[in-house]
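Next come the chains, spelled out residue by residue.
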Amino acid sequence: MSVDADTLTALLPPLAQARLQSLKVTDAGVAVLVLDASGLDGIERDRLEVAIKDALRTSVSEVRVAMMADKPKIRIIAVGSGKGGVGKSTVSTNIAVALARMGRKVGLVDADIYGPSQPRLLGNEGVKPKATEKKLIPVPSKWGVPVLSMGHLIEAGKAIAWRGPMAGNALGQLVDADWGDIDTLIVDLPPGTGDVQLTMLQRHKPLGAVIVSTPQDLALIDAARAMQLFEVGQVPVIGLVENMAGYACPHCGEVSDPFGKGGTEATAKALNHPFLGRIPLDLSIREQSDAGTPPAAGDGPQAEAFAAIARRVATWLDNQ
């Protein structure tokens, strides 16, 4: 005897009725239900499915239940600086790689529309992203971090002469790509506090921000401006990173500080923000980065410096 969908719906437990999106009965007597399962954990979903099958098993030949939940929102971590030349892109790359080595599902967006560098840093220059359903598919890297950059979309060496709104729209295409199972997106922002940063704050709302600076006073003044922008946008500052902190002579081992020492940590303390760690001014970091081999992908003191910062970022994420 055939049974209609309305009759079956009336047999469902109240929770299933409240979450029911569709119910169909095939000619073979199979009931196919689609439910909204957002907010339910795995145990709750299993219990609901069992209750549905128990309620309908005597009325149809088979019960099939599909649980649909909202796609988890990707958490965005912005990496910014007040000025250029402080190594922000290198820090972004290596934080992402270090997080990936920890088992985190991390992607990377190169939001420096006018000066993209992530294709070089991740060793996938010349690879064009594919697209599906009007969304870009990130370019994979051999370091386990998929990435999207204007450097993947334009000819190598070609200048981008776009006004602010065009740059903002380009950023949207990179961030709103098909990131698959990625749950954390590191966004390498351009230096300063311009249109791209404002678009990021207004449209994409980062969960938190990492500020990169060298120890010198001029860089720290600009870093403070970058922090103020995030604070105005109600984006918490996860902490500060001091880059190019100390140079060890490869011949005698003596350590010098061409950009000063400790300024970023002192600024973090003065502004009541965490200090995430220091990255040394090291020739091997520059050489590996230029070769598309992030130091964080290897071993040794340089890799550990990035890993220590990534661990602090991961701890912050886990506490949100």
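Treat the numbers as computed from the prediction; the structure is a model and nothing was measured. (Residues numbered from 1 in each chain as written. Predicted model: local features only at pLDDT ≥ 70, side-chain atom pairs only at ≥ 80, totals over all residues. Heavy atoms only, no water.)

With mixed pairing, the 3 strands of this open sheet are ordered in space as β1-β2-β3. Each edge of the sheet is formed by a strand with only one pairing partner; in this case those strands are β1 (20-25) and β3 (62-68). Geometrically, the sheet is characterised by an average inter-axis angle of 15° between neighbouring strands, direction not taken into account. Note that strand β2 (residues 30-36) and β3 share 7 bridges and pair parallel. Residue pairing in the sheet places Asp-36 in a bridge with Met-68 of β3. Those strands touched by helix α3 (residues 42-56) are β2 and β3, and its axis lies near 150° from that of β3. (Pairing = 2+ DSSP bridges. Helix = DSSP H or I, 4+ residues; strand = E, 2+ residues; numbered from the N terminus. Axes fitted to C-alpha atoms, helices over the stretch in contact; angles between N-to-C directions. Contact = heavy atoms within 4.5 Å.)

Between the first and last C-alpha of helix α4 (residues 88-101) there are 20 Å, a value that for 14 residues agrees with the 20 Å anticipated at 1.5 Å per step. The buried fraction of α4 is high, at 13 of 14 residues. Gly-103 sits one or two residues past α4 and shows a positive phi near 95°. (Expected span 1.5 Å × (residues − 1). Buried < 20%, exposed > 50% of the residue type's maximum accessible area, 1.4 Å probe, protein only.)

Relative to the assigned elements, Ser-141 resides in the loop between β7 (135-137) and β8 (147-149). With 17 residues separating them in the primary sequence, Ser-141 and Asn-124 have C-alpha atoms 6.4 Å apart. The contacts of Ser-141, once residues within four sequence positions are left out, are Leu-122 and Asn-124. Engagement of the side chain of Ser-141 in a polar contact is seen with the backbone oxygen of Val-145, the distance being 2.7 Å. (Polar contact = N/O pair within 3.5 Å; in protein donor to acceptor, adjacent residues only side chain to side chain.)

So, on to the pairing of β3. Here β3 shows a buried face lined by Val-63, Val-65 and Met-67 and an unburied face lined by Glu-62, Arg-64, Ala-66 and Met-68. Chirality of the crossover, the property in question, places the unit of β2, α3 and β3 among those that are right-handed. (Right-handed = clockwise from strand over helix to strand, strands pointing away.)

Glancing now at the pattern of salt bridges. Summed over all chains, the structure comprises 13 salt bridges. Close ionic contact of Glu-49 with Lys-53 constitutes a salt bridge, the shortest N to O distance being 3.1 Å. Placement of both Glu-49 and Lys-53 in helix α3 is noted, with a separation of 4 residues, approximately one turn of the helix. In this structure, Asp-318 and Arg-104 form a salt bridge, with 2.8 Å as the shortest nitrogen-oxygen distance. Placement of Asp-318 in helix α11 (residues 301-318) and of Arg-104 in the loop between α4 and β5 (106-110) is noted, with a sequence separation of 214 residues between them. Classification of Arg-104 as partly exposed rests on a relative accessible area of 25%. (Salt bridge = Lys/Arg side-chain N within 4 Å of Asp/Glu carboxyl O.)

Right, let's talk about the environment of Ser-284 for a bit. Within the secondary structure, Ser-284 sits in helix α10 (residues 283-290). Put simply, Ser-284 and Gln-302 are 18 residues apart on the chain and 8.4 Å apart in space, counted from C-alpha to C-alpha.

The subject of this paragraph is the pairing of strand β4 (residues 75-80). On a regular strand, one side chain projects to one face of the sheet and the next to the other, so that they alternate. Most of β4 sits inside the fold, with 5 of its 6 residues counted as buried. Pairing of β4 with strand β9 (residues 184-188) involves 5 bridges; the strand directions are parallel. The residue bridging Arg-75 from the neighbouring strand is Thr-184, located in β9.

For the rest of this paragraph, the subject is the sheet that holds β4. The strands that make up a sheet are held in pairs by hydrogen bonds between backbone atoms, and each pair lies either parallel or antiparallel. Pairing is parallel across the open sheet formed by 7 strands, whose spatial order is β8-β5-β9-β4-β10-β11-β14. Both outer strands of the open sheet, β8 and β14 (275-278), are each paired with one neighbouring strand and no more. Across the sheet, the axes of successive neighbouring strands diverge by a mean angle of 20°, strand direction being ignored. By the bridge criterion, 3 bridges tie β5 to β8 in an arrangement that is parallel. Across the sheet, residue Asp-110 finds its bridge partner in β8, namely Ser-149. Strands in contact with helix α9 (residues 263-270) are β10 (208-213), β11 (237-242) and β14; relative to β11, the strand with the most contacts, it is inclined by about 155°.

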